[in-house]
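Residues per chain, in single letters:
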Amino acid sequence: MTTISLRDLTDEDRAILFEFQQDPEANHMAAFTSKDPTDDAAHQSWWNMVMRNDAITKRGILCQGELVGSVMSFTMEEKLEVTYWIAKEHWGKGVATGALGQLFRLVKTRPIYARAATDNKGSLRVLEKCGFAVSAEEKGFANARGKEIAEYVLRKDGA
Ligand SMILES: CC(C)(COP(=O)(O)OP(=O)(O)OC[C@H]1O[C@@H](n2cnc3c(N)ncnc32)[C@H](O)[C@@H]1OP(=O)(O)O)[C@@H](O)C(=O)NCCC(=O)NCCS
C-alpha cells in the first residue's frame with residue numbers, strides 16, 4: 001500500500017524540489033511555469049518569499065517517507081488557489097490526489113480554486129477526483145510553451 005503524508009517544508013528541501021522542477025515533460029504539462037526552471041537564483045528568491053509568507057500553506061509530500069513533491073495554497077487576486085508538483089518517477093500512484101485530500105483537511109477555506117492548462121489531463125483528473133469543477137476558461141502566456149494557451153479555472157466548494 002502507498003502511504004502518502006504531508007510535512008512542513010524546510011530549507012533543506014529546496015534543492016530536491018528544484019530538481020523535480022527541471023523535468024521537461026512536467027514543465028510542458030504544467031505549462032504556466034517559471035521563465036527558466038534551471039535558474040537557481042530565481043528559484044531561491046521565490047523560495048525565500050514562500051517560506052516567510054505565513055498566508056501561503058506549503059507542505060512537502062512524502063510517499064513511503066520520501067519527499068516526492070510539494071503542495072501549496074496561496075491567494076491570487078483575492079482567491080485561494082492550490083498548486084502541486086510530483087516527481088515524475090512517482091506519477092500514477094495516487095500521490096497528488098492523496099496529498100490534495102490531506103491539504104483540504106488543513107485548509108478549510110471554500111471556495112478554493114485551481115488552474116490547469118486545458119490539455120493537462122493528469123492535473124484535470126486529479127482535480128476532478130478532489131471535487132473541483134471547471135468554472136471558467138482563460139488564456140495566459142505559458143512560459144513552458146513559449147506562447148499563449150488556454151487554461152481552465154476550477155472551483156471546489158465542498159469539504
Ligand atoms: C499532474 C500530476 C500532479 C499528477 O500527479 P499524480 O500523483 O501522478 O496523480 P495521481 O496518481 O493522483 O492520479 C490521479 C488520476 O489522474 C490520472 N492521471 C495522472 N496523470 C495522468 C496523465 N498524464 N494523463 C491522464 N491521466 C492522468 C490517473 O490515472 C488518476 O486517475 P484514475 O484514478 O481515474 O486512474 C503530476 O503529473 C505532475 O506533478 N505533473 C507536473 C506538474 C503539474 O502539472 N502540476 C499541476 C499544475 S496545474
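Remember, it's a predicted structure, so these values are computed and weren't measured experimentally.

Colleague: Please clarify how the overall build of the chain should be interpreted in this entry.
Modeller: For the chain, the helix and strand inventory stands at 5 helices and 7 strands. Listed by position from the N terminus, the elements making up the chain come as β-α-α-α-β-β-β-α-β-α-β-β. Taken over the C-alpha trace, the chain has a radius of gyration of 15 Å; the compact-globule value for 159 residues is 15 Å, and the two agree within 12%. Each of the three principal axes of the chain carries a C-alpha extent, and together these read 35 × 35 × 30 Å. In the chain, buried positions account for 25% of the 159 residues. Counting contacts in the chain only where the partners sit at least 6 residues apart, residues at least 24 apart contribute 63% of the total.

Colleague: I would appreciate a short explanation of unusual backbone geometry in the present structure.
Modeller: A negative phi angle is the norm for most residues apart from glycine, just as the trans form is the norm for most peptide bonds. Note that the residue after Arg110, namely Pro111, is joined by a cis bond; omega there is 0°. With respect to the secondary-structure elements, Pro111 resides in the loop between α4 (95–106) and β5 (112–117). A positive phi angle, near 50°, is found at Glu77, a position not held by glycine. Inspection of the secondary structure assignment puts Glu77 in the loop between β3 (66–76) and β4 (79–86). Among the residues examined, Glu77 registers 6 C-beta atoms within 10 Å and is labelled exposed.

Colleague: Quick question: what am I supposed to make of the site of the ligand here?
Modeller: In the vicinity of the ligand there are 21 residues, among which Trp91, Ala96, Thr97, Gly122 and Arg125 approach most closely. Sorting the residues of the shell around the ligand by element identifies α2 (24–30), β4, α4 and α5 (121–129) as the ones contributing at least two each. Looking at which element gives the most residues to the shell around the ligand, the answer is α5, with 6 residues. For the shell around the ligand, the class distribution of residues is 11 nonpolar, 6 polar and 4 charged.

Colleague: Whenever I open this one, α4 confuses me. Can you help?
Modeller: Side chains three or four residues apart in an α-helix point the same way, a direct result of the helix having 3.6 residues per turn. With 12 residues, α4 ought to run about 16 Å at 1.5 Å a step, and its terminal C-alpha atoms sit 17 Å apart, in line with that. Within α4, the full set of buried residues consists of Val95, Ala96, Ala99, Leu100 and Leu103. All buried residues of α4 project into a common sector of 120° when viewed along the axis, lining one side. Looking at the buried side of α4, the elements it contacts are β1 (4–8), β2 (57–63), β3, β4 and α5.

Colleague: So what exactly am I meant to see when it comes to α5 here?
Modeller: Taken together, the buried positions of α5 are Ser123, Val126 and Leu127. Around the axis of α5, the buried residues are gathered within 95° of arc, so they sit on the same side. Packed against the buried residues of α5 are α2, α4, β5 and β7 (147–156). Looking one or two places after α5, you find Gly131, whose phi comes out positive at around 95°.

Colleague: What exactly am I supposed to notice about the pairing of β3 here?
Modeller: Put simply, side chains in a regular strand alternate between the two faces of the sheet. As paired elements, β2 and β3 share 7 bridges and run antiparallel to each other. Bridging across to β3, Thr57 finds its partner in Ser73. Between β2 and β3, which pair antiparallel and follow one another directly, the connecting turn spans 2 residues, one of which, Gln64, has a positive phi of 50°. Alignment of β3 against β4, held across 8 bridges, turns out to be antiparallel. Residue Val71 lies in a different strand from β4, and its bridge partner there is Tyr84. What sits between the antiparallel neighbours β3 and β4 is a turn of 2 residues, in which Glu77 has the positive phi angle 50°.

Definitions and limits used
Residues numbered from 1 in each chain as written. Predicted model: local features only at pLDDT ≥ 70, side-chain atom pairs only at ≥ 80, totals over all residues. Helix = DSSP H or I, 4+ residues; strand = E, 2+ residues; numbered from the N terminus. Rg over C-alpha atoms; globule rule 2.2 N^0.38 Å. Buried ≥ 20, exposed ≤ 12 C-beta atoms within 10 Å, placed from the backbone. Contact = placed C-beta atoms within 7 Å. Near = placed C-beta within 6 Å. Nonpolar A, V, L, I, M, F, W, Y, C, P; charged D, E, K, R; others polar. Expected span 1.5 Å × (residues − 1). Arc of directions from axis to C-beta. Pairing = 2+ DSSP bridges.

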